[in-house]
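Examination of the molecular architecture
Below are the chains, spelled out letter by letter.
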Amino acid sequence: MLDDEGKASVFVDRDLVEPDTIIDEERIVGRDEQLESVVSFLKPTLQGNRPPNMLLYGPAGTGKSLIIGAVTQQIIELCQSKGERFGVVDINCQPINTLDQAVFELVQTVAKDIGVEAGVPETGVSTKRKYRRLYELINEHYDSVIFIIDEIDLLVGRQASEEPAYSKLLYQLSRASNTNEIEGQVSVAALTNDPKFMENIDGRAESSFNPRDIYFPDYDANQLRQILDNRRDAFRDDALSDDVLPLVSAFAAQSHGDARKAIDLFRGAGDLADECGDGEVREEHVRESQQEIDKDRSLKLIEGLTTQKKISLYATASVANFSSWSGSSVPSPVGFKVYQWVTDEIDADQMTRETYVKYVKELSTYGLISTSRKGRGRGGGMYMEFTFTGDPEAMMNRIVDDTRLGSIADQEALLQSVVNAQLKEFHS
Ligand SMILES: Nc1ncnc2c1ncn2[C@@H]1O[C@H](COP(=O)(O)OP(=O)(O)OP(=O)(O)O)[C@@H](O)[C@H]1O
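This text gives an overview of the structure that appears in the document.

The rules we used
Residues numbered from 1 in each chain as written. Predicted model: local features only at pLDDT ≥ 70, side-chain atom pairs only at ≥ 80, totals over all residues. Heavy atoms only, no water. Salt bridge = Lys/Arg side-chain N within 4 Å of Asp/Glu carboxyl O. Helix = DSSP H or I, 4+ residues; strand = E, 2+ residues; numbered from the N terminus. Buried < 20%, exposed > 50% of the residue type's maximum accessible area, 1.4 Å probe, protein only. Polar contact = N/O pair within 3.5 Å; in protein donor to acceptor, adjacent residues only side chain to side chain. Phe/Tyr/Trp six-rings, centres within 6.5 Å; stacked < 30°, edge-to-face > 60°. Lys NZ or Arg CZ within 6 Å of the ring centre and 35° of its normal. Pairing = 2+ DSSP bridges. Axes fitted to C-alpha atoms, helices over the stretch in contact; angles between N-to-C directions. Left-handed = near helix turned anticlockwise from the far one by under 90°. Contact = heavy atoms within 4.5 Å. Nonpolar A, V, L, I, M, F, W, Y, C, P; charged D, E, K, R; others polar.

1. Topic: the pattern of salt bridges
As enumerated under the stated definition, the model contains 17 salt bridges in all. Note that Glu163 is salt-bridged to Arg204, the shortest N-O span being 3.7 Å. Of this pair, Glu163 sits in the loop between β3 (144-150) and α5 (165-175) while Arg204 sits in helix α6 (residues 203-209), and the two are 41 residues apart along the sequence. Residue classification places Arg204 among the partly exposed residues on the basis of a relative accessible area of 42%. A salt bridge links Glu284 to Arg282; the nearest nitrogen and oxygen atoms lie 3.1 Å apart. Beyond isolated ion pairs, a larger network of salt bridges with shared partners links Asp278, Glu280, Arg282 and Glu284.

So, in structure tokens, the structure goes:
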């Protein structure tokens with residue numbers, strides 16, 4: 001196996017360590033009980049009966065998608081051999097905000113599976129019409145269907161006061177066969193990390209969804225090691241040095257038994273070995289890859305912050321990034337002045353200095369920065385000093401990607417001079 005430049009890759013089957021690949025049953029570790037439950041719940045489909053709805057819950061990376069995916073795949077094949085059409089309609093709610101978008105996503109997923117046009121536009125028509133199109137496609141092309149709604153708890157909808165969007169969706173889908181909107185058998189499987197998910201469901205949705213629960217616990221270090229061991233044939237026979245597998249499982253066990261993290265790290269270490277043209281995966285590749293993953297995680301956290309927190313972080317990071325003073329620590333009075341300048345420039349609300357400091361201090365709980373209290377000398381009072389643990393420029397770039405701070409990024413030279421003027425004033 002050669003890469004783009006003709007060098008030998010450490011991988012022979014990289015797909016095996018891709019997170020979304022549905023692996024064969026013999027590679028699945030420690031999930032016998034869950035497999036058995038899902039199989040027994042879905043068996044009625046094969047006899048033309050209605051299977052129950054299901055709630056698969058447990059921490060991230062514990063095999064929920066894998067198990068439901070593996071079983072439904074088998075059912076598709078068994079149905080095909082009998083000339084029946086079993087539809088698996090699988091969506092992930094993470095990027096979806098509203099009920100309307102979720103229904104559109106379901107339409108698109110079905111249309112893609114059967115190879116036709118969605119037949120409704122994304123905007124400009126009612127959610128009801130999208131439901132109608134969904135049912136129409138399903139009735140035309142499938143004899144029975146399962147909806148798999150991953151990360152269901154994230155489908156909250158826009159208005160906090162209303163019934164959550166996930167509750168409405170579960171209500172509609174789980175009663176679609178009772179109301180004859182879908183002619184064949186329908187089952188809904190909701191996947192969530194939240195053990196209290198059912199507590200927030202509306203009463204009528206709860207009674208029509210009424211799921212059978214399947215719990216997915218964390219993996220221990222041995223299971224993680226076995227999961228990786230079962231995929232070592234993703235790599236060339238001689239491409240893994242002995243310490244790699246134990247080290248990857250040890251790192252993953254520290255991340256609360258998440259198999260996805262273990263597999264990501266395994267693949268990441270291999271990619272790094274390939275990038276370096278090393279021909280073998282070694283301990284240093286694992287360690288470096290783990291550092292990259294940690295860095296990515298903190299950047300992801302930033303995406304979830306409110307606009308005001310992003311502006312506070314952006315102003316603070318710009319001081320650390322553009323400072324021509326020795327060290328890159330940020331005195332809070334300077335950070336606040338720059339924050340005021342930025343809010344003026346983009347015409348955003350301006351918080352008080354206390355709120356600004358509170359927001360930035362909060363970021364230390366995510367490990368993005370560290371804080372310490374400093375004195376300004378006799379009679380000068382106290383202030384906070386912020387120090388970044390990661391690269392402040394990478395944080396700035398991540399923030400401008402998705403907020404209106406973009407216009408500030410075009411004025412980098414000006415921002416730089418504001419930062420240094422404020423630092424000069426502070427230090428004088
Ligand atoms: N028991 C297992 N044996 C082998 N591989 C596993 C096992 N459990 C999970 N994996 C692998 O770990 C990765 C994550 O698993 P999966 O997506 O099923 O987790 P999940 O519980 O659905 O997570 P999330 O809640 O984050 O969606 C996948 O690549 C999957 O193949």
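2. Focus: the environment of Asp391
With respect to the element layout, Asp391 can be found in the loop between β8 (382-388) and α14 (392-401). On the basis of relative accessible area, Asp391 is assigned to the partly exposed category, the value being 42%. A sequence separation of 145 residues divides Asp391 from Pro246, and the C-alpha atoms of the two residues are 30 Å apart. For Asp391, the side chain forms a polar contact with the main-chain nitrogen of Glu393, separated by 3.1 Å.

3. Let's talk about the packing of aromatic side chains
By convention here, two paired aromatic rings are described through the distance between centres and the angle between planes. According to the stated counting rule, one finds 10 aromatic pairs in the structure shown. On the numbers, 5.2 Å between centres and 40° between planes, the contact of Tyr57 with Tyr215 is tilted. In this pair, Tyr57 is assigned in strand β1 (residues 54-57) and Tyr215 in strand β5 (residues 212-215), connecting sequence segments 158 residues apart. Taking the relative accessible area as the measure of exposure, Tyr57 reaches 19% and is therefore buried. Taken together through their ring pairs, the aromatic side chains of Phe336, Tyr339, Tyr356 and Phe386 make up a single cluster. Over the aromatic face of Phe11 sits the side chain of Arg14, whose NZ or CZ is 5.7 Å from the ring centroid. Seen from the ring of Tyr171, Arg204 lies directly overhead, with NZ or CZ sitting 3.9 Å from the centre.

4. Considerations on the sheet that holds β5
Read across the open sheet, the 5 strands follow the order β2-β3-β4-β1-β5; overall the sheet is parallel. With one partner strand each, in any of the chains shown, β2 (86-92) and β5 form the two edges of the open sheet. On average, adjacent strands in this sheet sit at an angle of 15° to one another, irrespective of strand direction. Looking at chain direction, β1 and β5 are connected through 4 bridges and run parallel. Across the sheet, Leu56 pairs through a bridge with Ile214, a residue of β5.

5. Quick look at the packing of helix α11 (residues 307-322) against α14
Axis separation between α11 and α14 bottoms out at 8 Å; the angle between their running directions is 145°. Classified by chirality, the crossing of α14 by α11 is left-handed. Here Lys310, Leu313, Tyr314, Ala317, Ser318, Ala320, Asn321 and Phe322 of α11 come into contact with α14, specifically with Pro392, Glu393, Met395, Met396, Ile399 and Val400. The residue makeup of the contact of α11 with α14, split by class, is 10 nonpolar, 2 polar and 2 charged.

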